[in-house]
Amino acid sequence: MSDNASPLNDDTVDSAAHRPGRQPLLTGCPWHDVNEMLQAAGLRPTRQRMALGWLLFGKGARHLTAEMLYEEATLAKVPVSLATVYNTLNQLTDAGLLRQVSVDGTKTYFDTNVTAHHHFYLENNHELVDIPDPHLVLQKMPEVPEGYEIARVDMVVRLRKKG
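**As for the overall build of the chain**
In terms of helices and strands, the chain carries 5 helices and 6 strands. When the helices and strands of the chain are placed in sequence order, the string is α-α-α-β-α-α-β-β-β-β-β. Nonlocal contacts in the chain, meaning residues at least 24 apart in sequence, comprise 44% of its contacts between residues at least 6 apart. In the structure as shown, the chain presents an accessible area of about 10,700 Å², 52% of it carried by carbon and sulfur atoms.

**A few points about the sheet that holds strand β6 (residues 156–159)**
In space, the 3 strands of this open sheet follow the order β5-β4-β6, with mixed pairing throughout. Two strands bound the open sheet, and with one partner strand each, they are β5 (127–130) and β6. Averaged over all adjacent pairs, the angle separating strand axes in this sheet is 25°, with direction ignored. Pairing between strand β4 (residues 119–122) and β6: 4 bridges, direction parallel. The residue bridging Tyr-121 from the neighbouring strand is Arg-158, located in β6.

**Observations concerning the nonpolar core**
Proteins that are soluble and globular tend to have nonpolar side chains buried together. Among the nonpolar cores identified, the biggest contains 24 residues, and Leu-55, Leu-56, Leu-69, Leu-89 and Leu-92 are the most heavily contacted of them. Looking at this core, the elements with two or more residues in it are α2 (31–40), α3 (47–57), α4 (66–75) and α5 (82–94). Residues in contact with Leu-89, not counting those within four places in the same chain, are Leu-56, Ala-66, Leu-69, Leu-98 and Phe-110. Counting residues in each nonpolar core, the second largest holds 5 residues, with Val-101, Tyr-109, Tyr-121 and Leu-128 among its members.

**Let's talk about the side chain of Arg-49**
Within the secondary structure, Arg-49 sits in helix α3. It turns out Arg-49 is buried and unbridged, and the closest side chain with the opposite charge, Asp-94, is 9.8 Å from it. There is a polar contact of 2.7 Å between the side chain of Arg-49 and the backbone oxygen of Arg-44. One polar contact links Arg-49 to Gln-91, side chain to side chain, over a distance of 3.1 Å. When sequence neighbours within four positions are dropped, the list of residues in contact with Arg-49 reads Val-34, Leu-38, Leu-43, Arg-44, Thr-88 and Gln-91.

**A short note on the confidence of the model for the chain**
For the chain, per-residue confidence averages 80 on the pLDDT scale, and 82% of positions sit at 70 or higher. Per-element averaging of pLDDT across the chain places helix α1 (residues 10–17) at the bottom with 34 and α5 at the top with 95. Predicted confidence is poor over residues 1–28, with pLDDT under 50, and the contacts of this stretch with residues over four places away or in other chains come to 32 contacts.

Quick notes on the rules
All residue numbers here refer to positions counted from 1 along the written sequence of the relevant chain. Side-chain atom pairs in this predicted model are given and counted only at pLDDT of 80 or more, local residue features only at pLDDT of at least 70, and totals for whole chains, interfaces and linings cover all residues. Excluded from the side-chain calculation are hydrogens and water; included are all heavy atoms of the structure. A helix here means a DSSP run of H or I that spans at least four residues, while a strand means a run of E at least two residues long, and both kinds are numbered starting from the N terminus. Two residues qualify as a contact provided that any one of their heavy atoms is within 4.5 Å of a heavy atom in the partner residue. The accessible surface values rely on the Shrake-Rupley method and a 1.4 Å probe; as for residues, cover is taken only from the protein chains in view. For two strands to be treated as a pair, DSSP must find no fewer than two bridges joining them. In this analysis, axes come from line fits to C-alpha atoms, helices being fitted only over the stretch in contact, and the angle between any two N-to-C directions falls in the range 0 to 180 degrees. Only buried residues count toward a nonpolar core. Its members are Ala, Val, Leu, Ile, Met, Phe, Trp, Tyr and Cys residues joined through side-chain atoms within 4.5 Å. Relative accessible area decides the class of each residue, using a 1.4 Å probe on protein chains only: under 20% of the type maximum gives buried, over 50% gives exposed, and in between gives partly exposed. Positive charges are assigned to Lys and Arg, negative charges to Asp and Glu, while His and the chain termini are left out of the count. By salt bridge we mean one thing: a side-chain nitrogen of Lys or Arg within 4 Å of a carboxyl oxygen of Asp or Glu. Whenever a nitrogen or oxygen atom comes within 3.5 Å of another N or O atom, the pair is scored as a polar contact, on the condition that within protein one atom can donate a hydrogen and the other can accept it, and that pairs from neighbouring residues in sequence are kept only if both atoms are in side chains. What pLDDT reports is the predictor's confidence in each residue, on a scale of 0 through 100.

This is the structure in structure tokens:
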């Protein structure tokens with residue numbers, strides 16, 4: 001795919017921003033914000049990282065699997081492989097821009113909200129949702145083996161519809 005055919009290139013963003021009275025073609029996280037975010041995290045802003053970052057961070061706090069992001073990228077005509085999506089999500093997680101949340105050890109979600117919080121997992125529709133109570137606490141933490149410290153506590157409360 002050529003640069004001109006891609007819906008996510010700098011020319012598209014610039015031309016959309018300079019058309020008086022018209023809405024920009026792109027919605028979501030501004031291209032330059034993704035660029036700054038990647039560079040601040042020590043990641044090179046490659047075309048694929050930029051495009052995936054724009055899709056990830058342009059819609060507020062979200063919980064996505066690699067497959068969900070790959071599907072969004074495909075619909076947005078971003079030419080990436082599923083392996084590239086996985087690699088990028090892991091790089092963004094390692095850089096502190098995403099938070100990885102595992103459900104059942106079989107499904108991994110990537111959360112754009114990296115603050116300390118917990119989740120509901122809606123079993124019926126396989127959806128991860130933030131628990132809105134910021135004061136939710138565990139009463140007692142387990143003893144940690146010598147030489148280790150708790151890095152983070154992830155609580156996932158599984159919900160299913162009654163009946």
